[in-house]
Each structure stands twice: as C-alpha cells, then as structure tokens.
Amino acid sequence: MKQFKQDFLWGASTSAYQVEGAYGEDDKGLSVQDVKAVLPGTPDFKVASDHYHHFKEDIALMAEMGFKTYRFSIAWTRIIPDGDGAINPKGIEFYSKLIDECLKYKIEPLITMYHFDLPFELEKKGGWSNRKTIDAFLKYAKVLFEEFGTRVKYWLTINEENMMILHGAAIGTVNGSAAEVQKILYQQNHHMLIAQALTMKLLHKMVVGAKIGPAPNISYVYPKTCKPEDILAMQNFTAIRNWLYLDMAVYGRYNTVAWNFMEKTGITPAIEAGDMEVLKDAKPDFIAFNYYATATVADGSAIFEDDESGDQQISIGMKGFYAGSKNEYLQKTQFGWEVDPEGFRITLREIYDRYHLPLIVTENGLGAYDEVNENGEIIDDYRIEYLQKHIMQAKLAVDDGVELLGYCPWSAIDLISTHQGFVKRYGFIYVNRTEDDLKDMKRLKKKSFYWYKKVIASNGEDLTNNK
Ligand code: BGP
C-alpha cells in the first residue's frame, strides 16, 4: 500500500475570530462576526480561546504534537481595521510574531486570508455586493504578501465561500431569509470569485514559489435512490454546492448546471466586460477543502417546500432542484452531523479525478461535548475513532492515486463554533472555559493530543488507540 509522502503536512486548523479573542485590542477594527447577534445561551467572539495572548503556549503544544503545519487565518480587521484604509502596524506585528513562532518549531504556516470575518466598515458599504470590496481585498492581499511573503509558502484565499452563499445565515455572514437574498448572494459570489482570481495571480507575481488555492467545503453528494429523478437532484446539488466553486477556481468558468440553476431562478450575477478573462487567467497550485460528511438528496421537484434552516453539513434543499435527505446508513454526531469516513475517500477521489491538482484537507473533525474527569483528563475516544477512520480512508485514497499534500483537522485547540457555542468542542487541546464563565483558560491535553502525536510521528502508519 502507498504511504503518505515523507514531507506530508500534518497539522490542524483554527480561524482568527473563533480562536483569538482580543476583539478590540491593538487597534483591531470590528468584523461582521464581532457585531453579529449570537443565539441565546451561546457566547460572542470577544474572548474566544484567547489565542491572541496564549499563542506561544499554544504553538508550543502544537510543536509537541509534532505539527508540520498550522492552518490559521489572518483577521483582515487587524491588518486594515476599516477594510480599505490605513494599515495597522500592530496587526502586522502580531501575525509576524505568530509566523515566527511557527517557524521556530519548523511548523509551516498555512494561512487563510479570509475566514468569514469581513471588516464591518466594508459591510456597511455593501460588503461583497460592492465591487469596490474586490479592490479592498487586493490591497489587503498585497500587504500580506509584502509583509509575510518570504516566510509563508502556503496561502488559502477564502474559507468556504460556498457555505457563505448556501448557509450564510447560520455562519453569520448574511442577514435575512435566504429566499430574499439569493440574487444578492450570487452577485457577491461573483465578486468573491474575481477577488480570489486576482489574488492568486498577485501572489504568483509577487512571490516566486509561493503556493495558493481555494478552500471550499466539499462533500460528495449521494442520490437517495437510483431513481433517475434522484440522480438529477444529486447532480443539481453537486453543481450548486461543489463544482460552481471549483470549476471557477481551476478553469475560470461557470459550471453549466449551476449557471442554469441561476438562470432558471432569475439570480444570475451581472458580469462586467473583462470579468471572465480575469477568472480564466488565474490558476491555483492546489485545492484545499474542508470535509465533515457527505450529503444525500432526493428529487425536489414535486412536493418539497423550501426550508431555510440547515448549516454547513445539514442540507435542506431547494424546491425544483433537490431535497435534502437522511442517509440511513450513517450515524450522526451529538450535533446532528452525519459521519462518513468512506465518503471522505470518495470525495478525495472525485475532486482529484476532476481537477488533477494536489489536495490539502484543511478541515475534518468531530464536534462533541467533552468532559474533564475527576483525574483532570479528557478521554475523547469518540474523536480519536472519528479521526482514525478518516485518516485510514485518506490513506486508501492515496493508494488510489490521489495526490494528498496534507491533513489539518478542525481544530488544533478548542474554539467557538460558528453558531453552536463553546460546548461544541473540536480541539486536541482543551480550553478551560464555558459558555459564560471564562475561568482560567488553562490548556489541557486531551487523550486525542497524545494519539495524534503518535500518528504524526509514524507518518500515519500507527493509528491505534490504546484504551
Ligand atoms: C466549517 C468552518 C469552520 C468551523 C467548522 C465547524 O464550516 O470553516 O469555521 O467552525 O465548520 O463548524 P461548526 O463550528 O459550525 O461546528
């Protein structure tokens, strides 16, 4: 059996607004996440895991696990507080130190430029609906590449653009019901795609040898049955969820089925002269993607009514195109997300077959209610089991011929979930706080911490869990 590459990028991920805290410190501007209304009982993002003040300790723990990479995001609002105005030297200084801290341990920084936290000042001017936000992003990108380009080899443009379009309400990047904002959203999407293309080009021009790619959430979509109408629904959802984003990033063209969906529903974006050339002109070096589970859909043409609930992994449906459906073969997590390790292999094969670019997994993981026992331990065997199975399937995908550069589960350390609070923990490192009590923020090593260390040390060969 083929093995993971010798320089395989083992690591884990976080995002700035979910982990850093210090939301108003050192001249940081507000982002849409800082001002969003959170659900009753869930915390806001003001303190999060206080990584801003604990980053040295946190990176030392990641180094102890043997990380080869750390995927984190830069908060645009720390670098340019109002999104397109003056550069904040304190923001540059913070990320400069964070990058140096990683490099000290030979941990390769893998940086997401934008992870759901658009500057609020830009949002007030229309956010991604305003074409000027493309220029603002380019300006921000230029600062990042100038300041950090010589130290950072791997860049990710935009985290889960597809989820911001499909489930922006859950993530907090869209207000109002999805039905009202569909047209606006697909216009925003067009602008983000242009910003991404220009950014990829800019990096290639500014930093020879640096690599960049998109980071959508990609899931293989199963049809509920082999009924032809279910297959059509599967193709519809696959196009809208996955290929719209990757066909554009790689080939610079709108996916036919997705474009047809936009035409039929009257939500095609306005495309200005030159846009399609810009989109065609850019090429990613790899595809990064987040994977939690597959999706299953059935025919949505007849009885199905639109439902706007749902989130990154719970697909509800769109009337006339597909209806989200339960997969009776899969178990669910405590938070209702299906678990499908074989689907991971299937997704890896599908993406690679379609685009023939190296892949990096930038998220995968299990959100659960972790408990500290009377001995001060966190025995998260359920998380180990989840990751074990997924790494095994990644290995099988490598054996199938998929070129896989790295694996970064979500998340390196406990942090705040997009919409389900601090109780939905994902980390290898436990953070001692609750929803409403910040306690001492002490870092504790979960059982999965020791397990992952062993996995990395053996380059993925030893996945056993000693119970
Ligand atoms: C992805 C996001 C992350 C992260 C993760 C887990 O969609 O990129 O930011 O939060 O999902 O989701 P949640 O926090 O909703 O459990």
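Rules used throughout
Residues numbered from 1 in each chain as written. Predicted model: local features only at pLDDT ≥ 70, side-chain atom pairs only at ≥ 80, totals over all residues. Heavy atoms only, no water. Helix = DSSP H or I, 4+ residues; strand = E, 2+ residues; numbered from the N terminus. Rg over C-alpha atoms; globule rule 2.2 N^0.38 Å. Buried < 20%, exposed > 50% of the residue type's maximum accessible area, 1.4 Å probe, protein only. Contact = heavy atoms within 4.5 Å. Areas by Shrake-Rupley, 256 points an atom, 1.4 Å probe, with all protein chains shown as cover. Lys, Arg positive; Asp, Glu negative; His and termini not counted. Charge placed at Lys NZ, Arg CZ, Asp CG, Glu CD. Near = heavy atom within 4 Å. Polar contact = N/O pair within 3.5 Å; in protein donor to acceptor, adjacent residues only side chain to side chain. Nonpolar A, V, L, I, M, F, W, Y, C, P; charged D, E, K, R; others polar. Core = buried A, V, L, I, M, F, W, Y, C linked by side-chain atoms within 4.5 Å. Axes fitted to C-alpha atoms, helices over the stretch in contact; angles between N-to-C directions. Parallel < 35°, antiparallel > 145°, perpendicular 65-115°, else oblique. Expected span 1.5 Å × (residues − 1). Pairing = 2+ DSSP bridges. Right-handed = clockwise from strand over helix to strand, strands pointing away. Salt bridge = Lys/Arg side-chain N within 4 Å of Asp/Glu carboxyl O.

*Asks:* Teacher, can you tell me more about the overall build of the chain here?
*Replies:* If you tally the helices and strands in the chain, you get 16 helices and 14 strands. Over its C-alpha trace the chain gives a radius of gyration of 21 Å, about what one expects of a compact globule, namely 23 Å for 467 residues. Projected onto its principal axes, the C-alpha coordinates of the chain cover approximately 60 × 55 × 45 Å. By the burial criterion, 60% of the 467 residues in the chain qualify as buried. Summarising the internal contacts of the chain: among those between residues at least 6 apart in sequence, 76% fall at separations of at least 24. Carbon and sulfur atoms make up 52% of the accessible area of the chain, which totals about 17,800 Å². Within the chain, the 65 negative side-chain charges are centred at a point lying 3 Å from the centre of the 53 positive side-chain charges.

*Asks:* Before we go on, may I ask you to explain the site of the ligand in this structure?
*Replies:* Every one of the 16 residues lining the ligand counts as a neighbour, but Gln 18, Glu 160, Thr 418, Lys 424 and Tyr 426 are closest to it. Contacts to the ligand include Glu 363, whose side-chain N or O atom sits 2.9 Å from an oxygen atom. At 2.6 Å from an oxygen atom of the ligand is found a side-chain nitrogen or oxygen belonging to Tyr 426. The fraction of the free accessible surface of the ligand (380 Å²) that becomes covered by protein chains is 100%. Split by residue class, the shell around the ligand holds 5 nonpolar, 8 polar and 3 charged.

*Asks:* Sorry, what's going on with the nonpolar core here?
*Replies:* In a soluble, globular protein the nonpolar side chains are often hidden away together inside. If you look at the biggest cluster of nonpolar residues, it comprises 140 residues, and the most contacted ones within it are Trp 76, Tyr 95, Phe 145, Trp 155, Tyr 186, Leu 348 and Tyr 452. Leave out the neighbours within four places in its chain, and Trp 76 touches Pro 81, Gly 83, Tyr 114, Leu 118, Pro 119, Leu 122, Trp 128, Thr 133, Ala 136, Phe 137 and Tyr 140. Core analysis: the next-biggest nonpolar cluster, separate from the first, contains 10 residues, Ala 215, Ala 288, Leu 405 and Cys 408 among them.

*Asks:* For this particular structure, what's the right way to read unusual backbone geometry?
*Replies:* With glycine set apart, most residues show a phi of negative sign, and most peptide bonds adopt trans. In this model, Trp 410 is joined to Ser 411 through a cis peptide bond whose omega is 10°. Structurally, the position occupied by Ser 411 is in the loop between β12 (404-407) and β13 (429-431). A positive phi angle is found at Asp 50, which is not glycine, with a value near 50°. As for its placement among the helices and strands, Asp 50 is situated in the loop between α2 (32-35) and α3 (51-65). Residue Met 441 is not a glycine yet carries a positive backbone phi of 60°.

*Asks:* I tried to follow the packing of α3 against helix α16 (residues 447-457) on my own but got confused; where do I start?
*Replies:* Each pair of packed helices can be summarised by the angle the axes make with each other and by the distance between the axes. Running from N to C, α3 and α16 cross one another at 50°; their axes reach a closest spacing of 8 Å. Here α3 is positioned oblique relative to α16, judged by the angle of their axes. On α16, the residues touching Leu 61, Glu 64 and Met 65 of α3 are Phe 449, Tyr 452, Lys 453 and Ile 456. Of the residues belonging to the contact of α3 with α16, the class tally is 5 nonpolar, no polar and 2 charged.

*Asks:* Looking at this structure, I do not really get helix α15 (residues 381-399). What am I missing?
*Replies:* Along an α-helix, residues three or four apart share an orientation, since each turn contains 3.6 residues. Spanning 19 residues, α15 covers 27 Å between terminal C-alpha atoms, matching the ideal 27 Å at 1.5 Å per step. Within α15, the full set of buried residues consists of Asp 381, Arg 383, Ile 384, Tyr 386, Leu 387, His 390, Ile 391, Gln 393, Ala 394, Lys 395, Ala 397 and Val 398. If you follow the buried residues of α15, they end up packed against β1 (9-13), α14 (341-355), β12 and α16. The first or second residue beyond α15 is Gly 401, which carries a positive phi of 115°.

*Asks:* Where do I start with the environment of Glu 338 in this structure?
*Replies:* For Glu 338, the location among the structural elements is in the loop between β10 (322-324) and α14. Residues Glu 338 and Gln 313, spaced 25 residues apart in sequence, show a C-alpha to C-alpha distance of 7.9 Å. Ignoring any residue separated from it by four or fewer positions in sequence, one finds Glu 338 in contact with Tyr 292, Ala 293, Thr 294, Lys 326, Asn 327, Leu 330, Gln 331 and Lys 332. At a separation of 3.0 Å, a polar atom in the side chain of Glu 338 contacts the main-chain amide nitrogen of Asn 327.

*Asks:* What am I meant to see in the pairing of strand β11 (residues 359-363) here?
*Replies:* Remark: a regular strand shows side chains that alternate across the two faces of the sheet. For β11, the tally of buried residues reaches 5 of 5 residues, placing the bulk of the element in the interior. Summarising the sheet, β11 and β12 pair through 3 bridges and their orientation is parallel. Residue pairing for β12: Ile 360 is matched across the bridge by Gly 406. Following the backbone out of β11, through α15 and into the adjacent parallel β12, one traces a crossover that is right-handed.

*Asks:* Would you mind showing me how to read the side chain of Asp 50 here?
*Replies:* Buried charge Asp 50 goes without a salt bridge, the closest partner of opposite sign being Arg 443 at 6.3 Å. Among the polar contacts listed, one links the side chain of Asp 50 to the side chain of His 53, at a separation of 2.8 Å. In this structure, Asp 50 is in contact with Val 19, Glu 20, Met 441 and Arg 443, ignoring residues within four places of it in sequence.

*Asks:* Looking at this structure, how should I read the pairing of β12?
*Replies:* With 2 bridges connecting them, β1 and β12 associate as parallel partners. Residue Leu 9 lies in a different strand from β12, and its bridge partner there is Gly 406.

*Asks:* Whenever I open this one, the sheet that holds β10 confuses me. Can you help?
*Replies:* Strand pairing in a sheet takes place through backbone hydrogen bonds and is either antiparallel or parallel in direction. With respect to topology, 4 strands assemble into an open sheet ordered β6-β8-β10-β9, the strand pairing being mixed. Either end of the sheet is taken by a strand with one partner, and the two such strands are β6 (221-223) and β9 (317-318). As paired elements, β6 and strand β8 (residues 295-298) share 3 bridges and run parallel to each other. If you follow Val 221 over to β8, its bridge partner there is Ala 295. Here helix α11 (residues 228-251) sits on the sheet in contact with β6, β8 and β10, set at roughly 170° to β6.

Take it as geometry only, folks, not as evidence of what the structure does.
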